[in-house]
Amino acid sequence: MSQLLPADPALTAPPPPVTPTPPVRAARRRGLSHQTRQAVAGSLFVLPFLVIVLLFLALPLGYAFWLSLHSESLVLGPHFSGLEQYKEAFTDPQFLTGLRRVILFGVIQIPIMLGLALAGALALDAINSRVAKVFRLVAFMPYAVPAVIGALMWGFLYSKTFGPFAGVSGLWGAAPVNFFGGSLLLVSLGNVVTWAWTGYNMIVLYSALQGVPREMYEAAVIDGASPVQIALRVKVPAIKPALSLAAIFTVIGTMQFFNEPAILARFAPDIDAGYTPNLYAYSQAFRFSAFSYSAAISFTLGLSVFVLSYLFVFVSRRRAARA
Amino acid sequence: MTQLTTTEAGRAGLRAAARPRGRRFGEPNTRLAHTVMGLGIVYFTIPLIWIVFAATKSQPDLLSTPALWFGNGFDLMANLRQLFSEDDGVYGRWLVNTALYSGASALGATSLCALAGYGLARFSFPGKRLIESGLLGMVMVPATALVLPTYLLLSRLELVNTIWAVILPSLLSPFGTYLIRVFVAESVPQELLDAARIDRAGEFRIFWRVVLPMMRPAIVTVFLITLVATWNNYFLPLVMLSDAKLYPLTVGLTTWFNTAQQEAGTRVLFNLVTTGALLAIIPLVVAFVFLQRFWRSGVSSGSLK
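Residues numbered from 1 in each chain as written. Chains lettered and ligands numbered in written order. Predicted model: local features only at pLDDT ≥ 70, side-chain atom pairs only at ≥ 80, totals over all residues.

S.K.: Quick question: what am I supposed to make of the overall build of chain B here?
M.R.: A count of helical and extended segments in chain B gives 15 helices and zero strands. Within chain B, counting contacts between residues at least 6 apart in sequence, those at least 24 apart form 69% of the total. (Helix = DSSP H or I, 4+ residues; strand = E, 2+ residues; numbered from the N terminus. Contact = placed C-beta atoms within 7 Å.)

Laid out in structure tokens, this is it:
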């Protein structure tokens, strides 16, 4: 991507001066040209990684696609069925409900989470007190907690028997809050995800903010701009690339939504096998052995996420290049 | 501890409210920011504080005593003893499995990333441009979309339900390769490599003796990222493994939790789930606190270029 985000000083050293590579005599003496030797060495370095990419990325994707084009039936056995499975998926109410739910979830949760992360990052960038340091450390801690354990802990905290929150409404005589039912369920799930990922995104944005050169807003400070004005008019625009990438990765994560609903399903009977597309693909494969159908769902999901995010990056790159 | 922070945050909020509105130019509104940060600290620590208290309680206490305080008895030791003896001490195996899977995956993935990142940054060979432009795309393929087809492929090779089914797919880290490529391009000077070549050092020797020591910060970052990814992974081992002895902590604990929910207290398991969960997150949280610098540098390069 053309717009470089300044990385952390721990990772970047000053760039070396660019000089044309001098021809290496030692190589020539051995017969092979320097270029060929370099090409061979370079490909050997990359080869092991490529093998893994081929085996565990390209091959599974290709296989999922192949499977998705085939149906299995008792009479015919596996046979080519073209786009039949996709047609089925996009008319399958359970799949579509799950898909719509995840999109709704993302449309609401992602802006809230990134907004909180941005606010936290701006605060960290402006303030360097002990509280800020503790906050930075604590906010990032959930990143080290497995998603299933995060969901488990929140599940206990939400529950009427274990948790402190459901009974709070009893203080004014109301019935205990049911965090696992109705429209509150999606909010409860959103809170688990927000808890887990706000700190991570905050650190990403904070690191980007640290790379914004002071000169960019020194003039604004002298002109008497308020810190909030500086934050919104100078700092936020300066870290736009980091913000959009955080958004992409969050979208990719959201479309794969699985761990949190899978765990909370034990508390919340409303979470059925088709609650999210990924849960649906899993249950189709392992409950109903409908492997090719689940492959079609996986492939649809993966492909659409991939195409969307790639388009997004491509467009923003274009725009950045033109600007 | 929670109470302390809340009241402090509350007091700060009051002070902020009482302050006159006019501020000096250029001075951040620190009171407000500190209030918000205080609330944030409470929010992010509540589940962790809860799990610490919960791990000290017996199952009856877990159900009957206040969630964010100690129970009637202090049963941490009893819980730990039961944790490591339940189901013939299977929890210990899960712990070892998790360490093995994440250690092996992180080591393998980091090695592959280091080699490939260096190869891409400092050599030219046919197909290099294609791989480089493909890297970003690979980062964007949702990992869970790969799990089901990988399962089907590995089951043909009869590799499912073995440790390889978890370790091998975890070796894939396009992001790590990307990170190292950027790092090498920025901080391993070409002149140094040329000088080593004039001294007639072999390419791998150059990598091992010259490049690797210079890459150390990037390598630690990639190692940590891949370690956490495997340690915390749930979907992959859930799909790949059916033998409880091979489970990592995430899958093992959730099966216990499922049993506890289904049997509704006939087996004493909730206290094991909480104690086991606490023990499962301690290593990474501690590692994270001590290696904060590396995590942050990794995350910041995570904003890509």
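Picking up after the structure, the text goes on.
S.K.: Please explain the overall build of chain A as it appears in this structure.
M.R.: Broken down by element type, chain A carries 13 helices and two strands. Excluding contacts between residues fewer than 6 apart, the proportion of contacts in chain A whose partners are at least 24 apart in sequence is 66%.

S.K.: Looking at this structure, how should I read helix α7 (residues 163-170) of chain B?
M.R.: An α-helical segment advances 3.6 residues per turn. Residues three or four places apart therefore align on the same side. Here α7(B) lies mainly inside the structure; six of its eight residues are buried. Residues of α7(B) that are buried sit in contact with α2 (34-68) of chain A together with α4 (76-122), α6 (143-156), α11 (216-232) and α12 (235-240) of chain B. (Buried ≥ 20, exposed ≤ 12 C-beta atoms within 10 Å, placed from the backbone.)

S.K.: Help me out: how do you make sense of helix α7 (residues 184-210) of chain A in this one?
M.R.: In a regular helix each residue adds 1.5 Å, so 27 residues correspond to 39 Å; α7(A) covers 37 Å between its end C-alpha atoms and thus fits that length. In terms of burial, α7(A) is largely enclosed, as 21 of its 27 residues are buried. (Expected span 1.5 Å × (residues − 1).)

S.K.: Which parts of the structure should I look at to understand the interface of chain B and chain A?
M.R.: It is common to give the size of an interface as the accessible area lost on bringing the parts into contact. On the side of chain A, 97 residues touch chain B, which itself brings 96 residues to the contact. No other element matches helix α2 (residues 30-54) of chain B, which puts 14 residues into the side of chain B that touches chain A. Looking at side-chain class alone, the side of chain B that touches chain A contains 60 nonpolar, 27 polar and nine charged residues. (Nonpolar A, V, L, I, M, F, W, Y, C, P; charged D, E, K, R; others polar.)

S.K.: What is the right way to look at the packing of helix α4 (residues 93-126) of chain A against helix α10 (residues 240-255) of chain A in this model?
M.R.: Relative orientation and spacing of two packed helices are given, respectively, by the angle between their axes and the distance between those axes. Residues and elements named next belong to chain A. The N-to-C vectors of α4 and α10 enclose an angle of 145°; their axes lie 10 Å apart at closest approach. Crossing angle aside, the handedness with which α4 passes α10 is right-handed. Side by side, α4 and α10 meet where Val102, Phe105, Gly106, Ile110 and Leu114 of the first sit next to Ala246, Ala247, Thr250, Val251, Thr254 and Met255 of the second. Tallied by class, the residues present in the contact of α4 with α10 amount to eight nonpolar, three polar and no charged. (Axes fitted to C-alpha atoms, helices over the stretch in contact; angles between N-to-C directions. Left-handed = near helix turned anticlockwise from the far one by under 90°.)

S.K.: Sorry, what's going on with the nonpolar core here?
M.R.: Where a protein is soluble and globular, its nonpolar side chains tend to be buried together. A:Leu205, B:Ile180 and B:Ala277 are the most contacted members of the largest nonpolar core, which has 181 residues in total. If you tally residues by element for this core, the top one is α7(A), at 15 residues. Leaving out residues up to four positions away in the same chain, B:Ala277 has contacts with A:Ile149, A:Leu152, A:Met153, B:Ile51 and B:Leu253. (Core = buried A, V, L, I, M, F, W, Y, C linked by C-beta atoms within 7 Å.)

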